[in-house]
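This is what each chain is made of:
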Amino acid sequence: MPELPKISGDYNLYEKNRKTLEFIEDVTWNPDEVQNKVLQEILSRNAHVEYLQTHGLNGLTDRDSFKKIMPVITYEDIQPHIDRIANGDTSPILCSNPISEFLTSSGTSGGERKLMPTIEEELGRRSHLYSLLMPVMNQYVPGLEKGKGMYFLFIKSEAKTPGGLVARPVLTSYYKSNQFKNRPYDPYTNYTSPNETILCPDSYQSMYSQMLCGLCQRHEVLRVGAVFASGFIRAIRFLEKHWQLLCNDIRSGTINPQITDISIREAVMKIVKPDPKLADFVELECGKASWQGIITRLWPNTKYVDVIVTGTMSQYIPTLDYYSNGLPLVCTMYASSECYFGVNLNPLCKPSEVSYTLIPTMAYFEFLPVHRVSNSISMPKSLNEKEKQQLVDLVDVKLGQEYELVVTTYAGLYRYRVGDVLRVAGFKNKAPQFNFICRKNVVLSIDSDKTDEVELQNAVKNAVNHLVPFDATLAEYTSYADTTSIPGHYVLFWEVSQNGTTPIPPSIYEDCCLTIEESLNSVYRQGRVSDKSIGPLEMRIVEAGTFDKLMDYAISLGASINQYKTPRCVKFEPIVELLNSRVVSCYFSPKCPKWVPGHKQWTNKNN
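Residues numbered from 1 in each chain as written. Predicted model: local features only at pLDDT ≥ 70, side-chain atom pairs only at ≥ 80, totals over all residues. Heavy atoms only, no water.

1. Some points on the overall build of the protein
Consideration 1: Helix and strand counts for the protein stand at 21 helices and 24 strands.
Consideration 2: By residue count, 58% of the 607 residues in the protein fall in the buried class.
Consideration 3: As displayed, the protein offers around 25,000 Å² of accessible surface, 51% of which is attributable to carbon and sulfur atoms. (Helix = DSSP H or I, 4+ residues; strand = E, 2+ residues; numbered from the N terminus. Buried < 20%, exposed > 50% of the residue type's maximum accessible area, 1.4 Å probe, protein only. Areas by Shrake-Rupley, 256 points an atom, 1.4 Å probe, with all protein chains shown as cover.)

And the structure:
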């Protein structure tokens, strides 16, 4: 790791960065000691809570007793306790500290939004993890304190449980907290977006005002980003649709009357001044036929794009490269509604090489080995005693092995299966570093076949190569298992962006269908070829803007714009109807994929 550069004229910032990096060194040299202390602290302070007493831990705080006695659980196991707290039971059910609010999952892990308990002190823990990011980044891109970050950050208005507790996404909780709203000046959290624009629950007004402020401060912008790659691309597409309105505001020094939020108008008018020259420049750039490199054209001092591009977000990498002229794509941290986990200590690595170092002070981490069946991930829904004993501690994971992450948190989750599959990529001192692989959930199944998210993603990647000669790209996709036909079959909805003038012939889309089938596991292909239990894969091409409509629909149902990720499989009938209403053409795989009988077929007795 490169040495920390000394920042001229700002000794306090230098000292703060030095102490942060020293902390990372300390906890990664002694991760097992830290983890043991974290577990003892969690169990000591919660010794008398109902959940631990019910399972017979009886005040024991040692690791061996904890592992022997406590079950490994999923959300369904703990949901009755969550429901009691949500309904107003204030007794110490899961945690000795009062549950301050619930953090809602993004809704993509199993359909239903889950409620994760949290306590007041977790805000400090999350803030601490955020404080690690920029000192690490500053080692690789020095001077970031001299400018601003243009980040598109959003909140969702919260709901209340019957018992009166707030339930909201984790990022909404953070942005609405005093730690964020009243944060002292820090050059690393100096954003182009005023707090008022971030805290507006109206996504249009929030996006419009944040984009306007970003354009007006374009020369100060040194980094750009959003939480997920899809969110940042949505911001660029917003600019494509509304740049004329934004230019009008810049030229006149006003803000569009559609922005009715008084606090936004007051905050933005402190930034926006009449600037006809800037308006002419933005008009010229946005009016060009090609938007390649639009980020560096409008924000010329940008050093990198800060977005999550791991997992299914990796499909956006070509689009981000196109808009940014190949700027580094930086994934800084790994977090969820359950817990904040870790940071990327090599932020300028290639997206395919991103790994996260779990910070051992955040929670107690265990790892359940994942076994592959063919190309699919095999994860039993519940664990028997032998499987429970397979869980290993943070320092005992093996290089190259895949694991499901299991956490015990200060807020009352004990040996909770997060559902993320991670692969050990290397080590920072004695602390392992993990690639995020996927969510463990299977996304498609017709018969005995099971196709997971990462397998589907790889199959789609292979198929997209057929679009390259036509200067076309895949903008978005999702899928569902159509069991209304006999036999059932996989359906993929594709939204294709075509820059070239040559139409894509039907045979190319049929080739895409077949390539996807050829890329799927042998159980699927046997079902197609031998068992005839699966029909030909179908591709439905949808109108441009369809997946924006899908996101708008999800937001109308309560999803968070900040946490929204396009679902890779849809089952909810109104969503399928929405997608089908925008289909412009359909194609089927023209023949069966290759399948050779007699190859060893793997089975999983737990599924």
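2. What to know about the sheet that holds strand E1 (residues 101-104)
Consideration 1: Taken in spatial order, the four strands of this open sheet run E2-E1-E5-E4, and their pairing is mixed. Sheet topology places strand E2 (115-118) and strand E4 (159-160) at the edges, where each strand pairs with a single neighbour.
Consideration 2: Where E1 meets E2, four bridges bridge the pair, whose relative direction is antiparallel. Bridging from a neighbouring strand, Thr-104 pairs with Leu-115 of E2.
Consideration 3: Sheet strands touched by helix H5 (residues 75-86): E1 and E2. Its angle to E2, the strand with the most contacts, is close to 65°. (Pairing = 2+ DSSP bridges. Contact = heavy atoms within 4.5 Å. Axes fitted to C-alpha atoms, helices over the stretch in contact; angles between N-to-C directions.)

3. Things to note about the sheet that holds strand E3 (residues 148-151)
Consideration 1: Read from one edge to the other, the open sheet built from four strands follows the order E3-E6-E7-E8, with strand pairing classed as parallel. Whereas interior strands pair on both sides, the edge strands pair on one side only; in this sheet they are E3 and strand E8 (329-330).
Consideration 2: Relative to E8, strand E7 (residues 304-308) runs parallel, the two being bridged by two bridges. Within E8, the residue paired with Asp-306 across the bridge is Val-330.
Consideration 3: Here helix H11 (residues 229-252) sits on the sheet in contact with strand E6 (221-228) and E7, set at roughly 120° to E6.

4. Concerning the packing of aromatic side chains
Consideration 1: Taken as a whole, this structure holds 22 aromatic pairs when the rule is applied.
Consideration 2: For the pair Phe-66 and Tyr-364, a centre-to-centre distance of 6.0 Å together with 80° between the ring planes defines the contact as edge-to-face. Of this pair, Phe-66 sits in helix H4 (residues 63-69) while Tyr-364 is found in strand E12 (residues 364-369), placing the two residues 298 residues apart along the sequence.
Consideration 3: Here Phe-66 falls in the buried class, since its relative accessible area comes to 0%.
Consideration 4: With relative accessibility at 1%, the residue Tyr-364 sits in the buried group.
Consideration 5: Judged by centre distance (5.6 Å) and plane angle (80°), the rings of Tyr-130 and Tyr-340 are edge-to-face. Here Tyr-340 lies in strand E10 (residues 340-343) and Tyr-130 lies in helix H6 (residues 121-140), a separation of 210 residues in the sequence.
Consideration 6: A residue is classified by how much of its surface remains accessible, and Tyr-340, at 3% relative accessible area, is buried.
Consideration 7: Among the aromatic residues, ring-to-ring pairing joins Tyr-130, Tyr-174, Tyr-175, Phe-180 and Tyr-340 into one connected group.
Consideration 8: Above the ring of Tyr-410, the side-chain terminus of Arg-125 is found at 3.7 Å from the ring centroid. (Phe/Tyr/Trp six-rings, centres within 6.5 Å; stacked < 30°, edge-to-face > 60°. Lys NZ or Arg CZ within 6 Å of the ring centre and 35° of its normal.)

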